[in-house]
Amino acid sequence: MDETREDILNFLKTQGFLNEKKILQENDSLSETGVIDSITLLQLIDFLESKYNIEIPVEMITPENFDTLSGISHSVMQLKQGDVVSDGKGSSLV
Amino acid sequence: MAKEALSCKKCVLDSRTPGISINADTGLCQFCENFTPLSEEKKEEYRIRMDALLKSPPKGGKYDVIFALSGGVDSSYTLYRLKKEYPHLTILAVQFDNGFISETALENAQKFCDLTKSTYLRLSLDQQALRDTFSKAARSMNAYPGTAKYRASDICNTCISIIKQKIIELAITTNAPFIVFAFSPGQTDAPFVTLTKPFVGWMRKIFDGNLRAMGVAERDAYLIDARLVQSGSPEPEITIIHPFLIWDYDKPEFKKECIKHGWIDPDLKDHNSSNCLLNAFAIKNHLDKYHIHSYAYDLAALVRQGCMQRDDAIKKLNVDVSDPSIQEVQRELNL
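Just so we're clear, the structure is a prediction, and the values are computed from it rather than from any experiment.

Cut-off values and rules
Residues numbered from 1 in each chain as written. Chains lettered and ligands numbered in written order. Predicted model: local features only at pLDDT ≥ 70, side-chain atom pairs only at ≥ 80, totals over all residues. Helix = DSSP H or I, 4+ residues; strand = E, 2+ residues; numbered from the N terminus. Rg over C-alpha atoms; globule rule 2.2 N^0.38 Å. Buried ≥ 20, exposed ≤ 12 C-beta atoms within 10 Å, placed from the backbone. Contact = placed C-beta atoms within 7 Å. Nonpolar A, V, L, I, M, F, W, Y, C, P; charged D, E, K, R; others polar. Axes fitted to C-alpha atoms, helices over the stretch in contact; angles between N-to-C directions. Parallel < 35°, antiparallel > 145°, perpendicular 65-115°, else oblique. Left-handed = near helix turned anticlockwise from the far one by under 90°. pLDDT = per-residue confidence, 0-100. Pairing = 2+ DSSP bridges.

J.: What is the right way to look at the overall build of chain B in this model?
T.: Within chain B one finds 13 helices and six strands. For 335 residues, the compact-globule estimate of 2.2 N^0.38 gives 20 Å, and chain B sits close to it at 20 Å. Taken along its principal axes, the extent of the C-alpha atoms in chain B is 65 × 50 × 40 Å. Here chain B holds 335 residues, and the buried ones make up 50% of them.

Next comes the structure, spelled out in structure tokens:
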């Protein structure tokens with residue numbers, strides 16, 4: 001979980017989504033704190049899919065799952081462990 | 001003593017832009033260092049998927065595609081090529097009248113709708129309210145996240161977000177299965193976006209927050225109808241397609257092709273827009289506020305991906321402060 005969190009933070013920083021000085025708590029809303037918007041969310045999803053070789057089902061892309069560091073880490077862990085069953089629509093990205 | 005600015009030797013970003021660091025050893029910015037070009041296999045996979053979607057669109061409503069048409073080169077070319085490659089598509093082309101569209105862009109849009117036998121819709125909202133909103137966007141600081149500030153000016157982000165919200169609303173209400181935006185490969189990374197109700201609701205919430213941060217009190221007219229994302233409303237069956245992530249992107253060629261079909265060059269002084277009179281002011285406003293040229297990231301990405309020469313991109317980054325449209329827009333927005 002911590003490793004995933006670090007990967008996400010690194011990605012947010014290198015892509016300029018997150019100011020080096022900004023401290024993000026586990027349950028801070030990424031959209032409400034101005035870190036992401038709908039387009040950057042798609043970039044983040046793309047990064048997670050490539051990094052962890054997972055497919056994120058579209059129905060899973062909700063604020064509950066992808067708007068906080070803890071939500072994202074948890075979702076990625078579930079997907080890595082194969083705990084999520086997709087409805088077959090596939091990912092929001094290819 | 002201030003450090004000397006370093007420019008990325010590959011793209012057009014430099015260390016004076018907030019958030020950009022240039023590796024002194026490689027001479028590359030962090031984006032060029034981490035850049036992996038899209039493989040031919042992946043591109044082919046995308047092309048096959050686009051073909052599969054557009055060759056047999058699910059029948060639901062009157063239109064197969066809701067198309068965002070500005071009347072500029074990119075969208076005029078995309079509409080033309082889309083119809084050429086998929087002639088059976090029924091297309092509703094929507095031109096958003098933000099009050100600053102050039103007459104030539106209006107003419108070009110209608111001409112290309114005639115050419116492609118697409119239905120033309122000029123989407124208008126309360127013009128005074130829009131001006132107030134753009135004025136608030138120009139005066140706002142940090143209403144959009146850091147990344148959005150790199151992608152476009154606050155004014156353009158506001159305008160594009162309104163267009164997106166209204167186009168998605170139109171697609172839902174007309175049961176259109178596809179939305180097509182002619183975003184350049186520098187403006188988006190995702191060739192396909194499948195819309196789900198939670199995602200659409202989330203997009204609505206985020207833009208509502210941006211508008212609120214700018215001090216816009218009356219926001220509903222700019223947002224997707226809330227009833228469409230309420231629980232109990234049907235799940236949207238819509239895919240957004242960005243063809244320029246699948247087709248090769250060659251703007252000078254697109255322009256030639258468009259001119260061949262009657263597209264008229266509006267000859268604006270602004271290097272970055274062939275349709276909107278707000279754009280030059282929006283760029284200057286953004287530079288003044290954040291020291292970020294709102295096209296730098298887009299152009300840098302195009303150079304990085306081999307879609308544009310570095311020198312051409314650098315020319316486009318020159319801001320002509322003598323452009324009379326800048327003062328005119330400033331007056332019209334009461335700034």
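That covers the picture; the talk isn't over yet.
J.: Sorry, what's going on with the interface of chain B and chain A here?
T.: Interfaces are often sized by the accessible area lost when the parts come together. Tallying the contact residues gives 28 residues for chain B and 25 residues for chain A. Elements represented by at least two residues in the side of chain B that touches chain A include exactly α2 (40-55), α6 (146-151), β5 (192-195) and α8 (197-214) of chain B. For the side of chain B that touches chain A, the per-class residue count stands at 14 nonpolar, 10 polar and four charged.

J.: Any chance you could explain the packing of helix α5 (residues 127-139) of chain B against helix α7 (residues 154-174) of chain B here in plain terms?
T.: Geometry of a packed helix pair, given as the angle between the helix axes and the separation of the axes. Residue and element names in this part refer to chain B. Following both chains from N to C, one finds α5 and α7 inclined at 140°, their axes separated by 8 Å at the closest point. Relative to α7, the element α5 is oriented oblique. Seen from above, α5 lies across α7 with right-handed handedness. In this structure, α5 contributes Thr133, Phe134, Ala137 and Ala138 to the contact, and α7 contributes Asp154, Ile155 and Thr158. Considered class by class, the residues forming the contact of α5 with α7 number four nonpolar, two polar and one charged.

J.: Quick question: what am I supposed to make of the confidence of the model for chain B here?
T.: Atom-level detail of predicted coordinates should not be read off regions where pLDDT is low. Averaged over all residues, the pLDDT of chain B is 92; the fraction at 70 or higher stands at 97%. Reported confidence for the predicted complex is 0.75 by ipTM and 0.90 by pTM.

J.: Help me understand the sheet that holds strand β6 (residues 238-241) of chain B, please; the structure alone is not making it clear to me.
T.: Note: strands within a sheet are paired through backbone hydrogen bonds, in either parallel or antiparallel orientation. All names here are of chain B. Taken in spatial order, the six strands line up as β3-β2-β1-β4-β6-β5 in an open sheet, and their pairing is mixed. Edge strands, defined here as strands with exactly one partner in the open sheet, are β3 (119-124) and β5. This sheet shows a mean twist of 25° between the axes of neighbouring strands, independent of strand direction. Bridging between strand β2 (residues 91-97) and β3 involves six bridges; their strand directions are parallel. Looking at the pairing, Ala93 lines up with Tyr120 of β3.

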